[in-house]
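Read off the chains here:
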Amino acid sequence: MNYRKVFFALTLVMVLALTVACAGGGGGGAAPTAAPAASKGEINVGSLNDLTGATSDVGKDYALGVQEAVKWINENGGINGKTIKLFQYDYGYRVPEAQTIYKRFRDFDKVVAVLGWGTGDTSALSPTINQDKMPYVSASYAGELTDPAKTPYNLFAAPDYSTSARAALTAWYEEVWKKDARFASEQSGKPRFIAFYQKSSPYSSAPIKALKEQATLLGFEIGADQDVALTALDTKSQVLAAKDFKPHVVWHGNTTNSVATALKDAKALALGADHLVNTYGYDENLPKLAGDAAEGVMGIAVAAFYGENIKFMDTVVASAKKYNPNTPQDTRLIHTVKAWANTLVLREAMTRADKAGKLNGEGIRAAFEELKDFDIGLGVTPLTWSSSDHRATGQVRIYQIKGGKFNLLKQMDMKAKYASDWPKWIGY
Amino acid sequence: MSTMRLPSGTYHENYTQDHAWWQTRFVWIRMIALFAILFIVFPYFAGGYELSVANRIGYTILCALGVQLLIGFAGQVTLGHIAFVAIGAYTSALFTLRVNEATPILKDLGLTYPISVILAMLVAGLWSMLFGLPSARVKGFYLIMTTMAAQFITVDFIITHYISRVGYRGVSFSLPPGTIRFGPWDIRTDLEQYFLMLILVILGILFVGNLMRTRIGRAWIAIRDNDIAAEVLGVNVVRYKLLAFFVAGALAGAAGSYANAVSFTVSPEQFGFGESLWLVGVVLIGGIGSNYGTVFGAIFLTLLTEMVQPTLKFILPDLALKTSYVKDMIFGLAIIVFLLLEPKGLAYRLQRLKDYVHLWPFSY
């Protein structure tokens, strides 16, 4: 059969082409221990994003933010006049793919730093990036990435998940439980707390230990965790199981789509609890998806919401309009702003390292650790890194949705509030 | 008698010759060249990226060998194989972490990890056999459903809720470099992972290949082709089916142990249902009922998905991110195309090519 021959020939050509392309990729030789800059006038940076996987509901917006921030940086002075060449890949939230893409960044694209994404892949890559001395600025704010003794090259421009979760629970305890008339008759007892999250996901489960520790510290009664998938379309069984416990407050540790589903089911089944949402579940899409069920929901915002009237936001919005004009403005989210925050601090560190003539892993890390109360605007609290602590900030902003809008409820300074516990909380 | 088609003029005079793995001088030269490439040339020239892609291919082969054994050789369709890989990974990780802590002597001698691999194979094999029990009563579509249950019960329930929480925080166990040692050999770099992969893959292929030449292999093939006829001929169908599940599970256990050496971490997230489907895809595209098929399928699909993004980026630099779904789409597309146009897979095509060369110029 003729078409079989054609098909066979095509397959053979494809396999050969792929093999040649793959074999030619690395340029041969042993793997370099430290990534050098590609060429004069150009600095290579990798970006690992989730555009098709379980967290793509928030990952796409973040990827656009990285793209736009880099374009803006290149048009506005770059890194001491050098431009950033961005290598951006989707890894579908799959750890093995993240590992090979990282190695592509390191050995083929010769990047000096990586802007990463998820907790699972960032944790899995952590030993390798430490070995390679590769600065890795992640969208994962997992507490386990903040101890330089264990993860010296992991960095991010936000409070870590554990600190944020502690802050959110404390804010609810102080502002709602203690003050709200709904709980006046119950205040002599213990508030009941329960967590909804995907147990198998390192992102979702990252702050749970700290959160429960804080709940115990504040005297909460803790119910059994409810396992809710990141891709959940129905959470009725979990809500019904939680209802038996009669929780006063529920923690939602997943991303927006899953959180919206849980909020709607909680309202439909009259769970009657307040809700606290982790940072990647709390964005502009939440009130749109959950509607009335999102009313009164509290959550963590590590940066300003997209388009908020705040320092530097006009640049973010103008860049979004300029570089991605076909993406409607009303679909842009806070994750764009988070991407800008990470990219801008990386820019600052690279600029300082370059000035010092050390544009390599060690130089960039040292530059990060020099930054003290660094203010990038965008609603990000001042950032400080040190050689012994990579928790860039202890300040957490807790918002509440009212009339479909996000209102700042409280800014918690966890470092100041729990000064004696703060050193112990590093690294988880 | 050997089923291999030999070049004209090649005759065997005894059983040893007839059953040899490599039967002609040309095959010997070819295989020595292949081993030289795998052990010397490729690792010498390849950078970390190429090695890590090779490691992914090797991991896929290790996982898919068991799927091939079940589907291709024993005729037992499985859609939950990654669950046994997960069992292997967790058994190996828990054993390595615990024993390294408790008996540093074993760690210093580099024996913890090798022992954990054997243990992982055993535990995963037994676990797989447990989920193979329904094969005594059901087959076809119904067996698919029971193997799917293995995925959900093992990964989504037992591992996520219990095993992943044993003694350590969160769901991901960290196995930092230095934890995994194979004798004096510290598995740290891509190159060390590559050699470990190569050894495991070669042993796995030799093991399955040899097994298929024994009474057991023939019994599996008999069951695959017609289980009633096999039973009539005196084959203990249930026993051999369970043995197939055990061996497939043990191979998955080895794959899971190897995954730890590459990832430095293990979490249930790595063993989703999609991975089980992926392994079936590898076997379908590579060719059912052939070890070559497992290898070709793994190479083809891994390279295909690995190169889609760079190729798209090269062709459409501004649209690469917006077309990232193509990577996932292409897996489904490849399966459809192969099932329609080349249902016997890449291995069959290679066999045809070899036959053509061997019989040339009298191919009729």
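Just so you know, these numbers come straight off a predicted model, no measurement behind them.

### Here we look at the domain arrangement of chain A
Residue and element names in this part refer to chain A.
- Domain boundaries in chain A define domain 1 (42–159 + 307–393) and domain 2 (162–301 + 398–425).
- Centre-to-centre separation of domain 1 and domain 2, based on C-alpha positions: 27 Å.
- Facing 25 residues of domain 1, the contacting portion of domain 2 comprises 24 residues.
- Carbon and sulfur atoms supply 54% of the area buried between domain 1 and domain 2, which totals about 1900 Å² over both sides.
- Between domain 1 and domain 2 we count zero salt bridges in total.

### Overview of unusual backbone geometry
All names here are of chain A.
- Even without a glycine there, the phi angle at Tyr93 is positive, about 60°.
- One can find Tyr93 in the loop between strand 2 (83–90) and helix 3 (95–107).
- Residue Tyr93 is classed as buried on the basis of its relative accessible area of 9%.
- The phi angle at Lys246 is positive, at roughly 50°, despite the residue not being glycine.
- Here Lys246 is to be found in the loop between helix 8 (236–243) and strand 9 (249–252).
- Look at Lys246 and you get exposed, because its relative accessible area is 55%.

### Considering the packing of aromatic side chains
- For the structure on display, the rule yields 41 aromatic pairs over all chains.
- Seen from their ring centres, Tyr141 of chain A and Tyr161 of chain A are 5.7 Å apart, and the 50° between their planes marks the pair as tilted. On the criterion of sequence distance, the pair formed by Tyr141 of chain A in the loop between strand 4 (136–138) and strand 5 (154–155) and Tyr161 of chain A in helix 5 (residues 161–177) is long-range, its members being 20 residues apart. Across the pair, exposure class does not vary: Tyr141 of chain A and Tyr161 of chain A are buried alike.
- Where Phe42 of chain B meets Tyr194 of chain B, the ring centres are 5.5 Å apart and the plane angle is 45°; that geometry is what we call tilted. Pair noted here: Phe42 of chain B is in helix 2 (residues 25–45) and Tyr194 of chain B is in helix 8 (residues 190–211), with a separation of 152 residues, a long-range link.
- Connected via pairs of aromatic rings, a cluster forms that spans Tyr62, Trp117, Tyr141, Phe156, Tyr161, Tyr203 and Tyr280 of chain A.
- Stacked on the ring of Trp425 of chain A, the Lys or Arg Arg166 of chain A has its end atom at 3.7 Å from the ring centre.
- Directly above the ring of Tyr240 of chain B sits Arg239 of chain B, whose terminal nitrogen or CZ lies 5.4 Å from the centroid.

### Some points on the nonpolar core
- Residues Trp251, Met350 and Phe368 of chain A are the most contacted members of the largest nonpolar core, which totals 109 residues.
- Both of domain 1 (42–159 + 307–393) and domain 2 (162–301 + 398–425) of chain A provide at least three residues apiece to this core.
- Counting 93 residues, the second largest nonpolar core, distinct from the first, contains Ala89, Leu97, Tyr113 and Ala298 of chain B.

### Describing helix 7 (residues 141–161) of chain B
- Spanning 21 residues, helix 7 of chain B covers 29 Å between terminal C-alpha atoms, matching the ideal 30 Å at 1.5 Å per step.
- Of all the bends in helix 7 of chain B, the greatest measures close to 30° and is centred on Thr154 of chain B.
- Close packing links the buried residues of helix 7 of chain B with strand 8 (226–227) of chain A together with helix 4 (82–102), helix 6 (112–132), helix 11 (237–263) and helix 12 (273–286) of chain B.

### Details of a nonpolar patch on the surface
Residue and element names in this part refer to chain B.
- Side chains of Ile37, Phe39, Ile40, Val41, Tyr44, Phe45, Ile199 and Leu203 sit close together on the surface and give an oily, nonpolar patch of about 810 Å² of accessible area.
- Of all the secondary-structure elements, those providing two or more residues to the nonpolar patch are helix 2 and helix 8.
- Sort the elements by how many residues they give to the nonpolar patch and helix 2 lands first, with six residues.
- Mapped onto the fold, Ile37 is located in helix 2.

### Some points on the pattern of salt bridges
- Scanning the entire structure with this criterion turns up 31 salt bridges over all chains.
- One salt bridge in this structure joins Arg166 of chain A and Glu213 of chain A, with 2.7 Å as the shortest N-O distance. Residue Arg166 of chain A is found in helix 5, and its partner Glu213 of chain A is found in helix 7 (residues 208–217); the two are separated by 47 residues along the sequence.
- Close ionic contact of Arg352 of chain A with Glu348 of chain A constitutes a salt bridge, the shortest N to O distance being 2.9 Å. Linking Arg352 of chain A with Glu348 of chain A, this pair stays in helix 12 (residues 334–355), spanning four residues, or about one helical turn.
- For Arg352 of chain A, a relative accessible area of 31% gives the class partly exposed.
- One connected set of salt bridges, linked through shared partners, spans Lys103, Arg106, Asp107 and Asp132 of chain A together with Asp190 of chain B.

### With respect to the side chain of His335 of chain A
Residues and elements named next belong to chain A.
- Examined against the element boundaries, His335 turns out to sit in helix 12.
- For His335, a relative accessible area of 0% translates into the label buried.
- If near-sequence neighbours (up to four positions away) are discounted, His335 is found in contact with Val58, Asp61, Tyr62, Thr279, Tyr280 and Asp283.

### Some thoughts on the packing of helix 12 of chain B against helix 13 (residues 291–315) of chain B
Residue and element names in this part refer to chain B.
- For the pair helix 12 and helix 13, the least separation of the axes is 7 Å and the interaxial angle reads 115°. In this view, helix 12 runs roughly perpendicular relative to helix 13, as classed from their interaxial angle. Crossing angle aside, the handedness with which helix 12 passes helix 13 is right-handed. Contacts from Trp278, Gly281, Val282, Ile285 and Gly286 of helix 12 reach helix 13 at Gly293, Thr294, Gly297, Ala298, Phe300, Leu301, Thr302 and Thr305.

Here is what the cut-offs are and how they apply
Residues numbered from 1 in each chain as written. Chains lettered and ligands numbered in written order. Predicted model: local features only at pLDDT ≥ 70, side-chain atom pairs only at ≥ 80, totals over all residues. Heavy atoms only, no water. Domains from an automatic or database assignment. Contact = heavy atoms within 4.5 Å. Buried area = accessible area lost by both parts, 1.4 Å probe. Salt bridge = Lys/Arg side-chain N within 4 Å of Asp/Glu carboxyl O. Helix = DSSP H or I, 4+ residues; strand = E, 2+ residues; numbered from the N terminus. Buried < 20%, exposed > 50% of the residue type's maximum accessible area, 1.4 Å probe, protein only. Phe/Tyr/Trp six-rings, centres within 6.5 Å; stacked < 30°, edge-to-face > 60°. Lys NZ or Arg CZ within 6 Å of the ring centre and 35° of its normal. Core = buried A, V, L, I, M, F, W, Y, C linked by side-chain atoms within 4.5 Å. Expected span 1.5 Å × (residues − 1). Bend = angle between axes of the 7 residues up to and from the residue. Patch = residues over 30% accessible without salt bridge, like charges linked within 9 Å, V, L, I, M, F, W, Y side chains within 5 Å. Areas by Shrake-Rupley, 256 points an atom, 1.4 Å probe, with all protein chains shown as cover. Axes fitted to C-alpha atoms, helices over the stretch in contact; angles between N-to-C directions. Parallel < 35°, antiparallel > 145°, perpendicular 65-115°, else oblique. Left-handed = near helix turned anticlockwise from the far one by under 90°.

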